[in-house]
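Descriptive structure summary
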Amino acid sequence: MTVAPTPSLRERKKLRTRQALIDTALELFTERGFGGVTLDELCEEVEVSKRTFFRTFTSKEDVAMAPEQDLWRAFLEELETVAPGSRTLVELGRDALLAALERMADEGWARRVLLSRRLAERTPSMAAHGLQFCEATTQGALEILRRRFGLGGGDDVRPRLAVDMLIAAHHCAMAGWAAQAGGAAPPATPDLAVRLREAVAALPGSLTMSAEG
């Protein structure tokens with residue numbers, strides 16, 4: 001697992017402001033509806049300028065979907081350093097994603113993810129934003145696989161299929177994990193890791209392409 005350097009005081013302040021924007025946005029959007037809160041109102045609630053907001057996020061959709069997007073950004077960072085071994089690409093991706101999940105150590109992350117997912121279910125613009133982010137993440141993963149392991153290129157679709165299968169397994173695991181919450185407190189983050197392992201194990205074994213040289 002990649003260990004991040006200790007952030008400076010300035011970076012810690014930026015991170016606190018970012019987290020305040022995420023937490024406040026999710027609370028307000030849940031209470032009033034996504035369309036019932038303007039960007040000006042959000043910034044006023046957190047006591048930051050719109051300029052400060054746009055230094056970190058591109059839109060209301062971006063801040064509302066930040067919890068799960070943070071997981072996938074951490075996944076790309078882990079994919080940069082994960083050792084290939086004798087695993088298939090799906091297994092390699094699984095281990096990078098599990099390492100990323102371990103980095104979501106904040107005890108409030110699970111609750112934020114659930115709030116974000118529930119908002120996305122009834123907000124078309126968030127769903128569209130999620131699709132765009134998913135494709136960008138997929139392309140980022142494929143670029144890492146090409147650069148690190150020389151995989152892909154030409155007509156070889158296996159890396160793309162492997163990444164797509166990993167994302168599908170994640171969606172399956174996340175859906176079951178979210179349903180487990182019901183109306184009560186969110187389930188523990190380690191429960192999501194268990195579901196992810198189970199979902200990947202259930203995938204067909206036809207993608208046997210390995211990153212091992």
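Residues numbered from 1 in each chain as written. Predicted model: local features only at pLDDT ≥ 70, side-chain atom pairs only at ≥ 80, totals over all residues. Heavy atoms only, no water.

**Side note on helix α1 (residues 9–32)**
Its 24 residues place the ends of α1 34 Å apart at the C-alpha level, agreeing with the 34 Å of an ideal helix rising 1.5 Å per residue. Structurally, α1 contributes buried residues whose contacts are with α2 (39–46), α3 (50–56), α4 (60–64), α5 (66–79) and α7 (109–121). Just past α1, the residue Gly 33 takes up positive phi, approximately 95°. (Helix = DSSP H or I, 4+ residues; strand = E, 2+ residues; numbered from the N terminus. Expected span 1.5 Å × (residues − 1). Contact = heavy atoms within 4.5 Å.)

**Thoughts on the packing of helix α9 (residues 158–181) against helix α10 (residues 189–201)**
Running from N to C, α9 and α10 point in directions that differ by 135°, and their axes come no closer than 8 Å. It follows from the interaxial angle that α9 and α10 lie oblique. Between α9 and α10 lies a crossing of right-handed hand. Contacts from Leu 166, Ala 169, His 170, Ala 173, Met 174, Gly 176, Trp 177 and Gln 180 of α9 reach α10 at Thr 189, Asp 191, Leu 192, Arg 195, Leu 196, Ala 199 and Val 200. Split by residue class, the contact of α9 with α10 holds 9 nonpolar, 4 polar and 2 charged. (Axes fitted to C-alpha atoms, helices over the stretch in contact; angles between N-to-C directions. Parallel < 35°, antiparallel > 145°, perpendicular 65-115°, else oblique. Left-handed = near helix turned anticlockwise from the far one by under 90°. Nonpolar A, V, L, I, M, F, W, Y, C, P; charged D, E, K, R; others polar.)

**Quick notes on α5**
Between its first and last C-alpha atoms α5 spans 20 Å; for 14 residues at 1.5 Å apiece the expected length is 20 Å, and the two agree. Of all 14 residues in α5, 11 are buried; the element is thus mostly enclosed. Those residues of α5 not exposed but buried are Ala 66, Pro 67, Glu 68, Gln 69, Asp 70, Leu 71, Trp 72, Ala 74, Phe 75, Glu 78 and Leu 79. (Buried < 20%, exposed > 50% of the residue type's maximum accessible area, 1.4 Å probe, protein only.)

**Describing the pattern of salt bridges**
The tally for this structure, following the rule as stated, stands at 18 salt bridges. Here Arg 18 makes a salt bridge to Asp 70, at a shortest N to O gap of 2.7 Å. One end of the pair, Arg 18, is in helix α1; the other, Asp 70, is in helix α5, and 52 residues separate them in sequence. In this pair, the class of Arg 18 matches that of Asp 70, namely buried. (Salt bridge = Lys/Arg side-chain N within 4 Å of Asp/Glu carboxyl O.)

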